[in-house]
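Close look at the chain arrangement
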Amino acid sequence: MTSTFKTFLKHTAKDFHNQSVNPPVVRASTIIFKSMQDIRKTQSKFRKNPIGGHFDYGRQGTSTTYILQKILTKLEESYHVFLTPTGFGAIFLAIFSLVRPGDEIIVADPSYKPTRRLTQDFLKDFNIKTIFYNPSDLNTLRKNISKNTKLIFVENPGSNTFDFQDLSKIIQIAKKHKIYTAIDNTWGTPYFLKPIKLGFDMSIVSATKYYSGHSDVMGGSLAVNKRVFRKVQLADNVTGLRLGPDDAYLITRGLRTLDVRLDKHQDNAKKVAAFLSKYKNIKLLYPYKKNSQNFKMWKKYYSGSSGLMGLKIKSKNKKSVTKFVNSLKLFGYGYSWGGFESLALHQSNLEIGKRNYLKLEKDEHLVRLHIGLEDPKDIINDIKQALKHLK
Ligand SMILES: *Cc1c(COP(=O)(O)O)cnc(C)c1O
C-alpha cells in the first residue's frame, strides 16, 4: 500500500521493527561480534553499501541514529543524510567537506551570524576567501564568481530580514560554472521546501528547531546528493561529529508531529500577520503581502510557511520599541525557535552582525517573533496590548 508522507511520519517505528511502537534507544561504543570473520564481513558490507546501516563501532552510529537517517533521507528525497550534534555542526561539515585552501565561497549576505563568522573570519586564516552576495540582486553573485569559486552557500529566507531568493536561478548559475551549492533550510524544513530535488547538492536543517519541536534537544542534519556523498562521508569520518542516540530518539519523536505542528505554526503566524498588516508603522517580514517580491519568491518554491517572522518597525523612539517587546507577556525572550512556544527578540547588531547589503535607517528597528502553538487569539491579544507602548 502506498501512503503519503504525513502517514509515513506517524508510522516510522513500524517500518523499522515490530516490537514497541517506538524504536529502542541503542547506546553503544563497542559493538560485539561473534568472530573476527564476522567483523570483517560487516566491514565489507559497509564498504559495499556505506548507507546501509552496517556499523563496527559506535561513532558510526547505532540503529537509533540509523532510523532517524532513514526518515530524514525520505523527507529530504536525498541520497543520504548525515547527523551532527548541532545545526551549526551540519553547516561546518558541509563547508569543511568541499572547501580547501585557495578556494573561494560566495555566501548569502543575510546568513545567520555564526555562518558569517565561520566563513568570513575563521576560514580566512586557512586561505579561503568569502564574498557575500545581495539576495535581491544576483548580479552581485555572478560578478564575483572566479575560477577559484568552489561553493555557493545560501540561507533561505535570510536570517532576521527574511529575504526570499530566486533559488533555481542560483542553482543555474552554479551549474553553469560547476560550483557546488548548499542551502540552510532550517526555516521551511523539507516539509515545505525540498532543496535536493530542486538541484542543491547539500541541504542543512537545524534539528534543534522544528524537527525536535520541543526546545529540549540539539541536533543537525546534512542531506546530500550522490555527487558530494563521498566527500562528505570522508569529512564526517575525520571530524568525529556524532549525534548521540538519546538526542536522535527525541528528534525522531518530534518528527512524528512535524506536519501537524508546522501546519499549526503556519495557521497561527498567518493570523498574526493579518493582524499586524493593519499597522502602518510595521513592515511585515513574512511572505504575506501578495504583490511583494518576497511573496512571489516564496510562492515559487515553498508549499507553506513556518512560524518565524520579522517586524521592521518605524519609530523615532527606540525605547518604546524595547518597551513593546518587554511588554509581551506570552512570549519568552530567548534565542533559538521552532519549539511549541512563542518567543520574541529585539534585534540589534549583536544578533544581526555586520552585513554588506543591509541598510537600516536610524528610525527602523527589527523585532523577531516566533509564533508558537498557543491559542492564536491569546497571541494576538498579547501583541495588541504590548503595541500600545510603541510610539
Ligand atoms: C539555529 C540555526 C542554526 C544552528 O542550529 P543550532 O542547532 O542552534 O546549532 C542554523 N541555521 C539557522 C538558520 C538557524 O536558525
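Up top you'll find the structure we're talking about.
Okay, so let's go over this structure. Bear in mind the structure is a predicted one, so any value in this text is a computation, not a measurement. (Residues numbered from 1 in each chain as written. Predicted model: local features only at pLDDT ≥ 70, side-chain atom pairs only at ≥ 80, totals over all residues. Heavy atoms only, no water.)

The subject of this paragraph is the nonpolar core. Leu 276, Met 309, Leu 311, Phe 324, Leu 369 and Ile 383 are the most contacted members of the largest nonpolar core, which totals 80 residues. Counting residues per element, this core draws most heavily on helix H13 (residues 258-276), which supplies seven residues. For this core, the domains that each give at least three residues are domain 1 (3-255) and domain 2 (258-387). Beyond its immediate sequence surroundings of up to four residues, Leu 276 is in contact with Ile 282, Leu 284, Met 309, Leu 311, Ile 383 and Leu 387. Ile 51, Leu 93, Leu 98 and Phe 153 belong to the second largest nonpolar core, which has 27 residues in total. (Core = buried A, V, L, I, M, F, W, Y, C linked by side-chain atoms within 4.5 Å. Buried < 20%, exposed > 50% of the residue type's maximum accessible area, 1.4 Å probe, protein only. Helix = DSSP H or I, 4+ residues; strand = E, 2+ residues; numbered from the N terminus. Domains from an automatic or database assignment. Contact = heavy atoms within 4.5 Å.)

Mapped onto the elements of the fold, Ala 274 is located in helix H13. Judged by relative accessible area, Ala 274 falls into the partly exposed class, the value being 29%. Separated by 14 residues in the primary sequence, Ala 274 and Tyr 288 place their C-alpha atoms 8.0 Å from one another.

The first and last C-alpha atoms of helix H17 (residues 376-387) sit 16 Å apart over twelve residues, in line with the 16 Å expected at 1.5 Å per residue. If you check which residues of H17 are buried, you get Pro 376, Ile 379, Ile 380, Asp 382, Ile 383, Ala 386 and Leu 387. The arc that holds every buried residue of H17, seen down its axis, measures 160°, which confines them to one face. Looking at the buried positions of H17, the neighbouring elements they touch are H13, strand E8 (282-285), helix H15 (318-326) and strand E12 (364-370). With a side-chain oxygen positioned 3.0 Å from the backbone nitrogen of Lys 377, the residue opening H17 is Asp 375. (Expected span 1.5 Å × (residues − 1). Arc of directions from axis to C-beta. Polar contact = N/O pair within 3.5 Å; in protein donor to acceptor, adjacent residues only side chain to side chain.)

Here the focus is the sheet that holds E12. Pairing is mixed in the open sheet, where five strands are placed in the order E8-E9-E12-E11-E10. Two strands in the sheet have a free side with no partner beyond their single neighbour: E8 and strand E10 (332-333). Relative to strand E11 (residues 343-347), E10 is paired through two bridges, and the arrangement is parallel. Each bridged residue has a counterpart across the sheet, and for Gly 332 the counterpart in E11 is Leu 343. Packed on one face of the sheet, H13 meets E8, strand E9 (308-314) and E12 and runs near 15° to E9. (Pairing = 2+ DSSP bridges. Axes fitted to C-alpha atoms, helices over the stretch in contact; angles between N-to-C directions.)

Attention now moves to the packing of helix H5 (residues 87-98) against helix H11 (residues 226-239). When two helices pack together, their arrangement is given by the angle between the helix axes and the distance between those axes. It is at 9 Å that the axes of H5 and H11 come closest, and there the two elements cross at 115°. In terms of orientation, H5 and H11 fall into the roughly perpendicular class. Handedness of the crossing formed by H5 with H11: right-handed. Side by side, H5 and H11 meet where Phe 92, Leu 93, Phe 96, Ser 97 and Leu 98 of the first sit next to Val 228, Lys 231, Val 232, Ala 235, Asp 236, Val 238 and Thr 239 of the second. Looking at the contact of H5 with H11 residue by residue, the classes come out as eight nonpolar, two polar and two charged. (Parallel < 35°, antiparallel > 145°, perpendicular 65-115°, else oblique. Left-handed = near helix turned anticlockwise from the far one by under 90°. Nonpolar A, V, L, I, M, F, W, Y, C, P; charged D, E, K, R; others polar.)

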